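# Topology and contacts: notes
Chain residues, written in single-letter form:
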Amino acid sequence: MFRSRFLTLATGFATAATLAAAPPAAAAPATDDAPIAGFTPRNAKLQRQLEKAFGAVPTASKARALDRELASEPGLAATTGDRRRVDRIVRELRSYGLRPEVRTYYTYLSQPRRIKVEMTAPRRVTLPVKERRHPWQKDFQHVIPGHNGMSPDGRVEGEVVYANYGRPEDFALLDRNGISVKGKIVLARYGAVFRGVKPREAARRGARGVLIYSDPADDGFTRGRVYPEGPWRAADGIQRGSVAQIMYAAGDPLTPGWPATRDARRIRPEQSVMLQGLVPTAPISYGAAEPLLRSLGGARVPKEWQGGLKFPYRFGPGGTRVHLDLENDYRVRPIWNVVVRVPGAERPDQEVIVGAHHDSWTYGSVDNLSGAENILQIGRGLGALLKKGWRPRRSIVLATWDGEEYGIYGSSEYAEDRDRLLRNAVAYINMDGAGGSDFGAQATPALDRFVTDVTKEVRWPGTTGTAYDDWRRKNQGTTPISRIGGGSDFQAFFQRYGVPAMDLGSASPGTAGSYHCACDDHYWTSRFGDPTFEYHAAMSRLVGIAALRLANADVAPLRYQSYAAETVTYLNDFTAAQRKKYGRVVVDVSRDVRQARAWQRAAEALQARADAALKAGDTAAFRRLNDKIMQAERDLLTAAGLPRRPWYRHQLYAPGIDTGYATQRLPALNDALFQFGDPALAGRYEAELYRSLRAATRTLTP
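Residues numbered from 1 in each chain as written. Predicted model: local features only at pLDDT ≥ 70, side-chain atom pairs only at ≥ 80, totals over all residues. Heavy atoms only, no water.

Looking now at the overall build of the chain. When helices and strands are counted, the chain shows 21 helices and 15 strands. Relative to the compact-globule value of 27 Å for 702 residues, the chain shows a C-alpha radius of gyration of 25 Å, a close match. A total of 702 residues make up the chain; the buried ones form 65% of that total. By sequence separation, contacts in the chain at least 24 residues apart represent 80% of the contacts at least 6 residues apart. Taken as a whole, the chain presents about 24400 Å² of accessible surface, with 49% of it coming from carbon and sulfur. Each charge class in the chain can be summarised by its mean position, and for the 99 positive and 75 negative side chains these summaries are 1 Å apart. (Helix = DSSP H or I, 4+ residues; strand = E, 2+ residues; numbered from the N terminus. Rg over C-alpha atoms; globule rule 2.2 N^0.38 Å. Buried < 20%, exposed > 50% of the residue type's maximum accessible area, 1.4 Å probe, protein only. Contact = heavy atoms within 4.5 Å. Areas by Shrake-Rupley, 256 points an atom, 1.4 Å probe, with all protein chains shown as cover. Lys, Arg positive; Asp, Glu negative; His and termini not counted. Charge placed at Lys NZ, Arg CZ, Asp CG, Glu CD.)

Moving on to the pairing of strand β7 (residues 321-342). Sheet topology note: the strand β1 (residues 101-121)/β7 ladder contains 19 bridges and is antiparallel. Opposite Lys116, over in β7, you have Asp325 as the bridge partner. In this structure, β7 lies alongside strand β9 (residues 394-401), joined through 5 bridges in antiparallel fashion. Across the sheet, residue Val339 finds its bridge partner in β9, namely Ala399. (Pairing = 2+ DSSP bridges.)

The next thing to look at is the pattern of salt bridges. Should the charged atoms of two oppositely charged side chains come close, the side chains can pair. Here the structure, examined in full by the defined rule, presents 43 salt bridges. Ionic pairing is found between Arg233 and Asp219, a salt bridge with its closest N-O pair at 3.0 Å. Here Asp219 lies in helix α7 (residues 216-219) and Arg233 lies in the loop between α7 and β6 (281-284), a separation of 14 residues in the sequence. For the pair Arg233 and Asp219, one class covers both residues: buried. (Salt bridge = Lys/Arg side-chain N within 4 Å of Asp/Glu carboxyl O.)

Most of strand β13 (residues 501-507) is tucked away, with 7 of its 7 residues classed as buried. What you see with β13 is no split at all: Ala501, Asp503, Gly505 and Ala507 on one side and Met502, Leu504 and Ser506 on the other are buried throughout. Of the strand pairs in this sheet, strand β10 (residues 425-431) and β13 are connected by 3 bridges, and their pairing is parallel. Each residue of the ladder has a partner; that of Tyr428, found in β13, is Ala501. Pairing between strand β11 (residues 438-443) and β13: 6 bridges, direction antiparallel. For Gln442, the partnering residue across the bridge sits in β13 and is Asp503.

Below, the discussion takes up unusual backbone geometry. Of the consecutive residues Ala121 and Pro122, the connecting peptide bond is found in the cis state with omega at 10 degrees. With respect to the helices and strands, the residue Pro122 is situated in the loop between β1 and β2 (125-127). Residue Asn368 follows Asp367 across a cis peptide bond; omega there is 5 degrees. Examined against the element boundaries, Asn368 turns out to sit in helix α9 (residues 365-387). One non-glycine residue, Ala192, adopts positive backbone phi at about 75 degrees. Among the structural elements, Ala192 can be located in the loop between β4 (185-189) and α6 (197-204).

Glancing now at the environment of Gly486. The topology assignment puts Gly486 in the loop between β12 (481-482) and α14 (491-496). Through-space distance from the C-alpha of Gly486 to that of Gln664 is 9.4 Å; in sequence the pair is 178 residues apart.

Moving on, we get to the environment of Gly355. Relative to the assigned elements, Gly355 resides in strand β8 (residues 347-357). Not counting the four nearest positions on each side in its chain, Gly355 is found in contact with Ile375, Ala399, Trp401, Tyr428, Ile429, Asn430 and Met431.

A few words on the nonpolar core. Leu504 and Tyr560 are the most contacted members of the largest nonpolar core, which has 151 residues in total. Per element, the largest residue contribution to this core is 11 residues, and it comes from helix α16 (residues 534-552). Ignoring any residue separated from it by four or fewer positions in sequence, one finds Tyr560 in contact with Ala446, Pro500, Trp599, Ala603, Ile629, Ala632, Glu633 and Leu700. (Core = buried A, V, L, I, M, F, W, Y, C linked by side-chain atoms within 4.5 Å.)

Dropping the structure here:
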């Protein structure tokens, strides 16, 4: 889905970074005898030699060739183009001496039969639902029209009301202005929250349908030159995307919590929380939205609701009417994950999993062939090492997932299929958009230091320094790491099964303009996103080194001291929010604060033991330490799941119910008290959190 974090990152700079190739820095990022966290001095030296050999394999020329081939035709999940893409990936991995396996799951998804959007007043105009084709775009007939996956069917007509970003607070502002959307068609712009929030909120207020458009103020002509002359979204560019309710669950909607095999038990669509509470929804371009907005009556919107089109926006209703006609083909269809396992020499049961989805709404050069191509380059590097007789200490699993765009299908089904085996997963590394000039990361706090350490090892194109140096320079001397929320393939691993996870990516200025558009093609990347493809190669090196370190570390490099300290902050924030809303403390979390501080002390003591064991080369201690370190994240799960969304189990992080992508901290407590207004429920989850914090403390204690 290519989370909004990277889109924000890519639009946040006033000027585009220089993408011309630059000579590499004269000095290596680190010397061969420099220490590595989690390694004995001797093994650190061997690891650096290994990383140097690996880093020489990924190349920009190979990245370009892979993108030219894989992005040559559309790759929508469960289509013929998707299957051909899978076959290409398999052939490529086999050519490196690896043994890829295609794992098929059978998932419920939609494909459009009919999409018709017509303005019926003040004049009758049939609006375009697909971009115009450019000469270099092959198989354009297989690019689907503008489609919001998993939208209900329907033929609806009504007056239009403009609802800004379609957030709960936007509908609240309409209410305060006496504007009802009941029986109306809501027109909302993309951005601010996950697109599935917009039709859910409109449906709650009685709207008949929703149109979502990309406003030029967010990713179009006000930002710069538009495709094909520039990277930003053209007037006909349409942002496709699923409206499945991923804030409640992820994966196949009909098999929540168990794998979607051919003969799996399936619930009925009307029972699925991912498909409930929606109205017919379709995306349109800002070129198509312009006549609708221009003809709207009613009062002028406030300044913060005004978009980039050159006329005053109005709330409506009045002036504009729309007829929306949607018919979708819903059925269970096969999707295909590609998985390669490199067995470990010492602990083959323990796995480091690296994944990126290969399906796309259109050609998918950025979202997410950039990530899938990096998986291939990492596989190429591992294949070269294996041919020289090397094997990792722990197993490394490389995967390209299918069906991510519909609701994080492929990775979730894989995780549900291997739930017990995931107890031995050291970490999951995700890539979803990983071929641009500006690096970004999100992770469990236990991996913060690990992420920053890895970025210090890779030269960053167009600069004389490392990825770390450039990351820090672009963020006022900081290296911000977000906490994991929603919207990509890390969700099942981290938020359901407690596998420590990180999401590493990079995006270039203007990336938002290509998001889920027919313009997300090789032409866009080769001219605007990464013309030299050096950033692709750099990300392959960076993520590959991360995988190698996790696989080979004597002691897994996860640190829980800062994690515990952050948890104290979250608990104090929860208390402050109660006082602000209710004028008093309704749910007392003081014992949780004390326990989180005890967890921090235990983590500090464990780190001291680990440092001593590494210095002494005490191999007998390594296994005991690793078992404790790997268990700590799992201790933060609740078997009952979060209130009203039991698929999610992590008690510290989940997607926000009203945001979909953004991270909700302490989700069980905050949702129960502030979302549902149920103090008794919040109290039960406080007790559950306290038990988890005690378990995490015991885990790290000798």
